[in-house]
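Topology and contacts: notes
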Number of protein chains: 2
Amino acid sequence: MECLSDRSRSRLDRAPAHDRIPRRESLMRPLFPLLVALLLSACSTAALRGTGDLGIVIERGSGSVAVIDTTARSVLGRVEGLGDLSHASAVYSRDGRYAYVFGRDGGLTKVDLLERRIVRRIMQAGNSIGGSISQDGRLVIAQNYEPGGIKVFDADTLDLLADLPAAYGDGKQFSKVVGLADMPGNKFVYALFDAGEIWIVDLTKPREPEVTKFRDIGRQPYDGLITPDGRHYLAGLFGEDGVALLDLWRPELGVKKILTDYGKGTEKLPVFKMPHLRGWSVAGGRAYLPAIGRHEVLVVDTATWQEVGRIPVKGQPVFVMARPDGRQVWVNFAFPDYSQVQIIDTLTQQVVHTLAPGKAVLHMEFTPRGEQVWISARDDDRVVVFDTTSFARLTELPALNPSGIFFTSRAARIGF
Amino acid sequence: MECLSDRSRSRLDRAPAHDRIPRRESLMRPLFPLLVALLLSACSTAALRGTGDLGIVIERGSGSVAVIDTTARSVLGRVEGLGDLSHASAVYSRDGRYAYVFGRDGGLTKVDLLERRIVRRIMQAGNSIGGSISQDGRLVIAQNYEPGGIKVFDADTLDLLADLPAAYGDGKQFSKVVGLADMPGNKFVYALFDAGEIWIVDLTKPREPEVTKFRDIGRQPYDGLITPDGRHYLAGLFGEDGVALLDLWRPELGVKKILTDYGKGTEKLPVFKMPHLRGWSVAGGRAYLPAIGRHEVLVVDTATWQEVGRIPVKGQPVFVMARPDGRQVWVNFAFPDYSQVQIIDTLTQQVVHTLAPGKAVLHMEFTPRGEQVWISARDDDRVVVFDTTSFARLTELPALNPSGIFFTSRAARIGF
């Protein structure tokens, strides 16, 4: 049995016409509105329901998020007032009820998916690039460009627990922070763009962060990725070709450089969009990653971190996302091929299907067991849902300039 | 804002003392109880909350399940009347709100974790051994010993959609079904103990099951396992040594026999408990499995399916469970060592810690990101929660002969 919806509540509001009670019944008269108010206030407008099949779609045109349901494949409602949501991302509380949305403008907003309202919103930086949540769900961390560093917040209240500037060199300069990822044991790993360093912070005692620094890891790390098992951290380099690799199980071995050809190279190809490392996928012992400037997906053996293949695709890949079972890899592209999506079969290592979900495909999100994928087509103001077995278009939902799509199942995963 | 708890509701029940209204106020008098009933009925006793951090503990002594919260580390309540729960298991609806509990007596019970009540309960067989839920969450499947076969139910209503007897030989005999696991694409795979067969059923059209049969896969498969990526199906053999392996991505290659020494062997060791294959773990490209009759955990390379190592442990292992990040493997044991648990570090391949959670440890369940493990100690009537980084005992909760522990995060995983 569920709480009343808004509509039925209005109906009941009209029912107890207490002004029809004769004046002399003074004993009961004041009890009426009190009783109604008490009962109604006890009754939330939100319906009792599970949160495992919920998610949000970032609507960057309007600074709002659409709350969606992957079982009904519908938009449940919209939460507005989240500020500048270009390049926004989100993480979830461990119960799946609350999304923490990191805006590019430094805003951090805690959204209640059940009641579809903002619980709290703070401006925590001038320029921010996402965040993370600790393994135990108690700490939310923002990674900031300006001022350069990370900030640690209480996940319940969004109160600031620690401010950790990314000081480097003479200690008076502060680096942009990129590639923040959670690790087991309430630790986090991230890269310092300007400093060329990787830091691991242990937040077992949140107010007393313990930092381990790895220096000279390569020029200008621009993004980072932790493998699904939480063992390897990779930072892509912008200032040179190659990727910095840190084995988090054996940090004493230090940072190694791998894939030394990975980058812009010397051929001066036009690079329409520097693909994020979060667009990499690891499936079946192989990593699938977007080539930079080339119409190829690279295949890397994660045991040796050597390239073992290249798969030709339609355009410059941006996101290369593995279906949760690893049998398929879905690829979207930079301009001008950004209205198409291609699907690679990882068994045959070939493209098996091409779809045209809409104009300006920005993001894709799989349901946790992989039967559906949700794709945002920004310039068509819609999210399209596909069946990943038949490639059938299951439904289309309206959204306002949709970009990132984030499902609550991320709460249960490492490195999200 | 949440709905009223039971206690505050009782208080309000007493408040509107409508018999104090003078008789002549006939207009309003009947409205009072109606209004109160309407408002209260609209208000569930359950609190609005996320379901991502919920779970159940099977209490086999009392035919009940305890509903638990892994954030508060507490028992939220108890649901009774589930019949014989020896050897019971559970799967979850994709929203995480409902548990489907399969009892050994053939009972299938749908439990609402939020309202903590039975939604529906049916007796679907005489002797049952667990079940599964389809990738899209619409179908719940029971695997039965008696009558031998599987049954397909609508996950919403528990209405029977298909009954698929495990007929073999002359078609008049029916085999016990074991090792049922879900596959992508609303398919299921299972083994026929008496027939020595593996069947894949495609339930894209639930009322028209399409079955593919693999015959002569080995004598008496007694349990089955699907790898976490959903690719490989393994069936342990009771009637001979070895394991049957089917590559579900390439079923045309047929069933192969691997690990030909795995089994009871010829040495006639006392085997206190035949370990289930569900007690196997796959982590970092290796499978960890309980040796049969020996005080060892076997290590197998999942690329070649060859044994690559043996790790000595305290007793005959039963469950060998990998922490979600794969860095640790936790092992419990058969009688007489069943009050201890050992932890293997998968990097060094050695036991690094031994714990004594309580008498008769039957099951272990990790939180999805692995920071906690919940362990049932049946004969001490308690569940003990450990921090997996420090091995600290975080809390103990009372439970009535606890056995299986199942968290809602299973809804997001393949093969659970």
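The preceding data block contains the structure.
Predicted, not measured: the structure shown is a model, and the values here were computed from it. (Residues numbered from 1 in each chain as written. Chains lettered and ligands numbered in written order. Predicted model: local features only at pLDDT ≥ 70, side-chain atom pairs only at ≥ 80, totals over all residues. Heavy atoms only, no water.)

Helix and strand counts for chain A stand at 2 helices and 34 strands. When the 416 residues of chain A are sorted by exposure, 59% land in the buried category. Put simply, 41% of the contacts in chain A that link residues at least 6 apart link residues at least 24 apart. (Helix = DSSP H or I, 4+ residues; strand = E, 2+ residues; numbered from the N terminus. Buried < 20%, exposed > 50% of the residue type's maximum accessible area, 1.4 Å probe, protein only. Contact = heavy atoms within 4.5 Å.)

On to the pairing of strand E16 (residues 197–202) of chain A. Residue and element names in this part refer to chain A. The element E16 is extensively covered by neighbouring structure, given that 5 of its 6 residues are classed as buried. Pairing of strand E15 (residues 187–192) with E16, which is carried by 6 bridges, proceeds in the antiparallel orientation. Following the sheet pairing, Phe188 is matched in E16 by Val201. Where E15 folds back onto E16 in an antiparallel hairpin, the turn is made up of 4 residues, including Gly196, whose phi is positive at roughly 65°. Note: E16 against strand E17 (residues 210–214), 5 bridges, orientation antiparallel. Within E17, the position partnered with Ile200 by the bridge is Thr212. (Pairing = 2+ DSSP bridges.)

The next point concerns the sheet that holds strand E33 (residues 393–398) of chain B. Residues and elements named next belong to chain B. Judged by pairing direction, the sheet is antiparallel, and its 4 strands sit side by side in the order E30-E31-E32-E33 without closing on themselves. One side of each edge strand has no neighbouring strand; the edge strands of this open sheet are strand E30 (361–366) and E33. Within this sheet the neighbouring strands show an average axis-to-axis angle of 20°, counted without direction. (Axes fitted to C-alpha atoms, helices over the stretch in contact; angles between N-to-C directions.)

Residues and elements named next belong to chain A. Spatially, 4 strands are ordered E8-E9-E10-E11 in an open sheet, and the strand pairing comes out antiparallel. Each edge of the open sheet carries a strand with a single partner, namely strand E8 (127–133) and strand E11 (160–165). Across this sheet, the average inter-strand angle for adjacent strands is 20°, counted without regard to direction. Looking at chain direction, strand E10 (residues 149–154) and E11 are connected through 5 bridges and run antiparallel. Following the sheet pairing, Ile150 is matched in E11 by Leu164.

Let us now look at the side chain of His363(A). Residues and elements named next belong to chain A. Here His363 shows up in strand E30 (residues 361–366). His363 sits in the buried class, given a relative accessible area of 7%. A distance of 2.9 Å separates a polar side-chain atom of His363 from the backbone nitrogen of Ile405. The residues touching His363, leaving out its near neighbours within four places in the chain, are Phe319, Met321, Asn332, Trp374, Ile375, Ser376, Ser403, Gly404, Ile405, Phe406 and Arg410. (Polar contact = N/O pair within 3.5 Å; in protein donor to acceptor, adjacent residues only side chain to side chain.)

Counting residues in hydrophobic clusters, the biggest one holds 40 residues, and the most contacted among them are Ile56(A), Val101(A), Ile56(B) and Val101(B). At the level of secondary structure, the elements contributing two or more residues to this core comprise strand E1 (54–59), strand E2 (64–69), strand E4 (89–92) and strand E5 (98–102) of chain A together with strand E1 (54–59), strand E2 (64–69), strand E4 (89–92) and strand E5 (98–102) of chain B. When near neighbours in sequence (up to four residues on either side) are disregarded, Ile56(B) contacts Val65(B), Ala66(B), Val67(B), Ile68(B), Ala90(B), Tyr92(B), Ala99(B), Val101(B), Leu113(B), Gly404(B), Ile405(B) and Phe406(B). (Core = buried A, V, L, I, M, F, W, Y, C linked by side-chain atoms within 4.5 Å.)

Here we take up the packing of aromatic side chains. Residues and elements named next belong to chain A. Applying the stated criterion across every chain, the model contains 14 aromatic pairs over all chains. Ring geometry for Tyr190 versus Trp199: centroids 6.1 Å apart, planes at 55°, classification tilted. You'll find Tyr190 and Trp199 in the same group, each marked buried. Connected via pairs of aromatic rings, a cluster forms that spans Trp330, Phe366 and Phe391. (Phe/Tyr/Trp six-rings, centres within 6.5 Å; stacked < 30°, edge-to-face > 60°.)

A cis amide bond links Glu146(A) with the next residue in sequence, Pro147(A), at an omega value of -5°. Take Pro147(A): it is sitting in the loop between strand E9 (139–146) and E10. Phi is positive for Trp305(A), close to 60°, though the residue is something other than glycine. With respect to the element layout, Trp305(A) can be found in the loop between strand E24 (296–301) and strand E25 (306–312). The backbone of Phe391(B) sits at a positive phi, close to 60°, despite the residue not being glycine.

Take the pairing of E2(B) next. All names here are of chain B. When you tally the buried positions in E2, you get 6 out of 6 residues, the bulk of the element. Here E2 shows no split at all, with Ser64, Ala66 and Ile68 on one side and Val65, Val67 and Asp69 on the other all buried. Two strands pair when backbone bridges link them, and E1 and E2 are joined in this way by 6 bridges, in the antiparallel orientation. Residue pairing in the sheet places Val57 in a bridge with Ala66 of E2. From the end of E1 to the start of E2, which pair antiparallel, there are 4 residues, and Gly63 there has a positive phi angle of about 60°.

All names here are of chain B. With respect to the secondary-structure elements, Glu115 resides in the loop between strand E6 (107–112) and strand E7 (117–123). Overall, Glu115 belongs to the buried group, its relative accessible area being 16%. A polar contact is formed between the side chain of Glu115 and the side chain of Arg97, at a distance of 3.2 Å.

Let's shift gears to the pattern of salt bridges. Tallied over the full model, the rule gives 44 salt bridges over all chains. Here Arg215(A) ties to Glu197(A) by a salt bridge, and the two come within 3.2 Å at their closest N and O atoms. Of this pair, Arg215(A) sits in the loop between E17 and strand E18 (221–226) while Glu197(A) sits in strand E16; the two residues are 18 residues apart in sequence, bridging distant segments of the chain. Among the residues examined, Glu197(A) registers a relative accessible area of 6% and is labelled buried. With a closest N to O distance of 2.7 Å, Arg393(B) and Glu396(B) form a salt bridge. Residue class for Glu396(B) comes out partly exposed when judged on its relative accessible area of 38%. One network of salt bridges, with partners in common, ties together Arg97(A), Asp112(A), Glu115(A) and Arg117(A). (Salt bridge = Lys/Arg side-chain N within 4 Å of Asp/Glu carboxyl O.)

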